[in-house]
Amino acid sequence: MAQHPRIILLGLPGSGKGTQGALIAQTWRVPIFSSGEYFRNLRREGKLPAEVAAKINAGGLVSDEDVNMIVVESFLSTQEAQAGFVLDGYPRTVAQAAFLDEYLTKQNLSLTAAVYVDLSVETAFRRISGRRVCPADGSVYNAYYSQPEREGFCNLCGAPLIQREDDREESVRTRMSTYEAMTKTLTVYYGDQGKLITVDGASAPDVVFARIQGALHDSA
Ligand code: AMP
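Residues numbered from 1 in each chain as written. Predicted model: local features only at pLDDT ≥ 70, side-chain atom pairs only at ≥ 80, totals over all residues. Heavy atoms only, no water.

Focus on helix H8 (residues 205–219)
Basically, it comes down to this: Where helices and strands are cited, they refer to DSSP runs of H or I of at least four residues and of E of at least two residues respectively, numbered from the N terminus. Here a helix's expected span is defined as the number of its residues, less one, multiplied by 1.5 Å. The classification of residues rests on relative accessible area computed with a 1.4 Å probe and restricted to protein chains. Under 20% of the type maximum is buried, over 50% is exposed, and intermediate values are partly exposed. The arc in question is formed by the directions pointing from the helix axis toward the C-beta atoms.
The end-to-end C-alpha distance of H8 is 21 Å, a good match for the 21 Å that 15 residues give at a rise of 1.5 Å each. Residues of H8 that are buried: Val208, Phe209, Ile212 and Leu216. Here the buried residues of H8 occupy an arc of 100 degrees about the axis, which is enough to place them on one side. More than 90 degrees from the buried face of H8, the exposed residues found are Asp206 and Asp218.

Below you can see the structure in the form of structure tokens.
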């Protein structure tokens with residue numbers, strides 16, 4: 001595995017790519033940037049523009065131009081991203097993927113791998129319906145596999161847990177179909193570059209992570 005790995009994650013909402021991203025980041029000691037988390041933080045701080053909030057709540061996508069700019073300014077160009085990184089939720093379209101390639105190429109860099117956490121739509125849907133988040137600190141729990149110690153309350157700060165606005169059923173349906181099509185296109189894009197690593201996401205997080213570790217070592 002490269003000394004400063006640059007990894008992107010692909011997978012449906014609910015596939016566990018956020019969890020796997022955190023494990024990769026921890027293991028290889030690189031920072032992780034989640035575009036979705038970035039928008040949720042802005043919202044918490046009351047800084048998310050209303051039209052962007054409306055788009056996200058309805059399960060739609062923020063424009064490529066806006067997301068590209070945000071990812072570069074808030075993360076890729078910062079000091080912490082210079083020694084490798086994990087990106088979660090970006091790129092989400094071929095236009096974003098091409099932009100990222102171009103950005104890295106200009107610095108004589110390239111992606112190490114695109115890790116695709118493969119999960120069926122039905123399983124991802126069930127997982128999302130159990131997801132609850134802490135509105136105060138962003139911690140994530142799940143009724144199926146990572147319950148809080150006290151039902152309905154955050155382990156860290158005790159705040160009552162909520163369902164993400166865009167985890168409600170209608171939004172999830174829209175996000176799933178948007179994402180399914182886009183993820184497929186991106187797997188082809190990275191497959192053509194020989195960078196795609198596909199792992200079966202239908203197991204416990206540590207099992208999925210072991211598969212990712214194995215595949216990343218093999219690809220080194
Ligand atoms: P996520 O947490 O990755 O599911 O992202 C939550 C929401 O943020 C998405 O449903 C989109 O509305 C928006 N978003 C996050 N990342 C991107 C991206 N790369 N391109 C466009 N919209 C994004």
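So much for the structure itself; the text now carries on.
Re the site of the ligand
Worth spelling out the cut-off: When we say a residue is near a molecule or strand, we mean one of its heavy atoms is within 4 Å of it. Identification of polar contacts relies on pairs of N or O atoms within 3.5 Å, with a donor-acceptor requirement for protein atoms, meaning one able to donate a hydrogen and the other able to accept it, and with residues adjacent in sequence counted only if both atoms are side-chain atoms. Each accessible area is a Shrake-Rupley estimate made with a 1.4 Å probe; only the visible protein chains count as cover when residues are assessed.
Taken together, 16 residues lie around the ligand, and Ser35, Arg40, Gly60, Gly89 and Gln96 are the ones closest in. Between the ligand and glycine 60, the relevant distance is 2.5 Å, taken from an oxygen atom to a main-chain nitrogen or oxygen of the residue. At a separation of 2.9 Å, a nitrogen atom of the ligand approaches a polar backbone atom of glycine 89. Protein contacts shield 96% of the accessible area of the ligand, which totals 480 Å² for the unbound molecule. Among the elements that take part in the shell around the ligand, helix H2 (residues 35–44) stands out by supplying four residues, more than any other.

Quick word on the packing of aromatic side chains
Formally: Only rings of Phe, Tyr and Trp enter the pairing, Trp through its six-membered ring, and a pair is recorded when the two centres are within 6.5 Å. The plane angle decides the type: under 30 degrees is stacked, over 60 is edge-to-face, the rest tilted.
Applying the stated rule across the entire model yields five aromatic pairs. Aromatic side chains tyrosine 38 and phenylalanine 39 sit 5.7 Å apart centroid to centroid with 80 degrees between the ring planes, which places their arrangement in the edge-to-face category. In this structure phenylalanine 39 comes out as buried when scored by relative accessible area, which is 10%. When the ring of phenylalanine 75 is compared with that of phenylalanine 85, the centres are 6.0 Å apart and the planes differ by 80 degrees; the resulting orientation is edge-to-face. Taken together, the positions of phenylalanine 75 in helix H4 (residues 64–76) and phenylalanine 85 in strand E3 (residues 85–88) put the pair ten residues apart, joining distant regions of the chain. On the basis of relative accessible area, phenylalanine 75 is assigned to the buried category, the value being 0%. Judged by relative accessible area, phenylalanine 85 falls into the buried class, the value being 2%.

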